[in-house]
Amino acid sequence: MNSKVPYGATTFALPNVPGASGDFRPDRNNHFELHILEERGYDQLVLNERQERLQYFEILWFKTGKGQIFIDTVQHPVSNNMIYCLTPGQVRTCRLQGEVRGYHISFSRDFLYRWATYTVGITWLDTNIYGMSMSVITVDAEMHEEIEDLVRRIAKEYDHHYLLRSEILAGLLNILVIHFSRKLQPRMKELAQSKEIELVQKFISLVKVHYRTKKFVADYAGELFVTANHLNRIVKKITGTPASSHIQHHIITEAKRQALDSNVSMKEIAYHLGFEDHSHFSKYFKNNSGMNFSSFKKGLVTDPASL
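Everything numeric in this text was worked out from a predicted model, so none of it was measured.

1. Some details on the confidence of the model for the chain
Overall, the prediction assigns the chain a mean pLDDT of 79, with 79% of residues at 70 or greater. Looking over the chain, one finds the lowest element-wise mean pLDDT in helix α5 (residues 188-192), namely 51, and the highest in helix α7 (residues 217-224), namely 94. Of the regions scoring below 50 in pLDDT, residues 1-26 engages in 53 contacts with residues more than four places distant in sequence or in other chains. Predicted confidence for residues 301-307 stays below pLDDT 50, and this span has 11 contacts to residues more than four positions away or in other chains.

What follows is the structure in structure tokens.
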């Protein structure tokens, strides 16, 4: 496929269609990009070895290729016909070997909300609510044919400025997201229809905003007008882990993400996460991650691939 997609990080401000070069302003709320990994060495020039904290949802389809992908310091293998579905806030680093072929799609949730019929709570975009930090799909022959055709149609719309371009792109993307969600979570729709999932969604949303100042289940239970025991029970029923574990996991994950910056000290991270005493943070980190912060930081510096 002869694509005109540049390898640079160009953000199209959809739904605005540019005329002369430079006559539009990028809008991160309506962000959508599609890149072909082998196009002008995009995988080597932009994606490979570049540590990046994600602002948008990402779909990485490795049709062919070998190597590793690190998500929040956790290593995962890359091989033929693998798709990684990533969410905003995660730190992603790829270490790819040899020739890699496939696609890299990134988009904001608002892009789907505005231009497609998207149902909140039933796709992998919401999988973090179900206790999943990352989704991995192995593409079989039947699925390969279906999504290859779909991605090619998305690429064609992306390369041109046809009438209602934004609506078509979002519609096709929505279908792609649904395809992946069918593979990942057959019970998502069933769960989303219950009142209990609404409570879990609200709880997770609150944790993302208030984790620096609210570190106990009772803090969130009060906001949601339920008891701490009830919140713990419902969250564990839906996600498999109690509410307290979600709070701890979010704090520890954020600490690890910030630790990837070698210039940031433990004291600074502790303060940013709402710990007035960095020794308290050190104990909290060890109790909830299984290792002390200094050892974790040292491991990042000496050999990130060993984590």
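2. As for the side chain of K63
Residue placement: K63 occurs in strand β3 (residues 57-71). Residue class for K63 comes out buried when judged on its relative accessible area of 11%. Only 3.0 Å separates the side chain of K63 from the side chain of E148, close enough to count as a polar contact. For K63, the residues in contact, after removing those within four places along its chain, are N80, N81, R101, G102, Y103, H144 and E148.

3. Details of a nonpolar patch on the surface
Together, L163, L164 and I168 make up a nonpolar patch on the protein surface, roughly 320 Å² of accessible area in all. Among the secondary structure elements, I168 is positioned in helix α4 (residues 165-184). Taking relative accessible area as the criterion, I168 reaches 37% and is therefore assigned partly exposed.

4. What about the packing of helix α8 (residues 228-239) against helix α9 (residues 243-259)?
Interhelical geometry of α8 versus α9 gives an angle of 75° and a closest axis separation of 7 Å. Judged by the inter-axis angle, α8 sits roughly perpendicular to α9. Along its contact with α8, which presents L231, N232, V235 and T239, the element α9 presents A243, S244 and H246. Taken together, the residues that form the contact of α8 with α9 break down as three nonpolar, four polar and no charged.

5. Some words on the packing of α9 against helix α11 (residues 278-289)
Running from amino to carboxyl end, α9 crosses α11 at an angle of 110°, the nearest separation of the two axes being 10 Å. The orientation of α9 relative to α11 falls into the category roughly perpendicular. Viewed along their axes, α9 and α11 form a crossing whose handedness is left-handed. Contacts from I247, Q248, I251, I252, A255 and K256 of α9 reach α11 at F281, Y284, F285, N288 and S289.

Rules used throughout
- Residues numbered from 1 in each chain as written.
- Predicted model: local features only at pLDDT ≥ 70, side-chain atom pairs only at ≥ 80, totals over all residues.
- Heavy atoms only, no water.
- pLDDT = per-residue confidence, 0-100.
- Helix = DSSP H or I, 4+ residues; strand = E, 2+ residues; numbered from the N terminus.
- Contact = heavy atoms within 4.5 Å.
- Buried < 20%, exposed > 50% of the residue type's maximum accessible area, 1.4 Å probe, protein only.
- Polar contact = N/O pair within 3.5 Å; in protein donor to acceptor, adjacent residues only side chain to side chain.
- Patch = residues over 30% accessible without salt bridge, like charges linked within 9 Å, V, L, I, M, F, W, Y side chains within 5 Å.
- Areas by Shrake-Rupley, 256 points an atom, 1.4 Å probe, with all protein chains shown as cover.
- Salt bridge = Lys/Arg side-chain N within 4 Å of Asp/Glu carboxyl O.
- Axes fitted to C-alpha atoms, helices over the stretch in contact; angles between N-to-C directions.
- Parallel < 35°, antiparallel > 145°, perpendicular 65-115°, else oblique.
- Nonpolar A, V, L, I, M, F, W, Y, C, P; charged D, E, K, R; others polar.
- Left-handed = near helix turned anticlockwise from the far one by under 90°.

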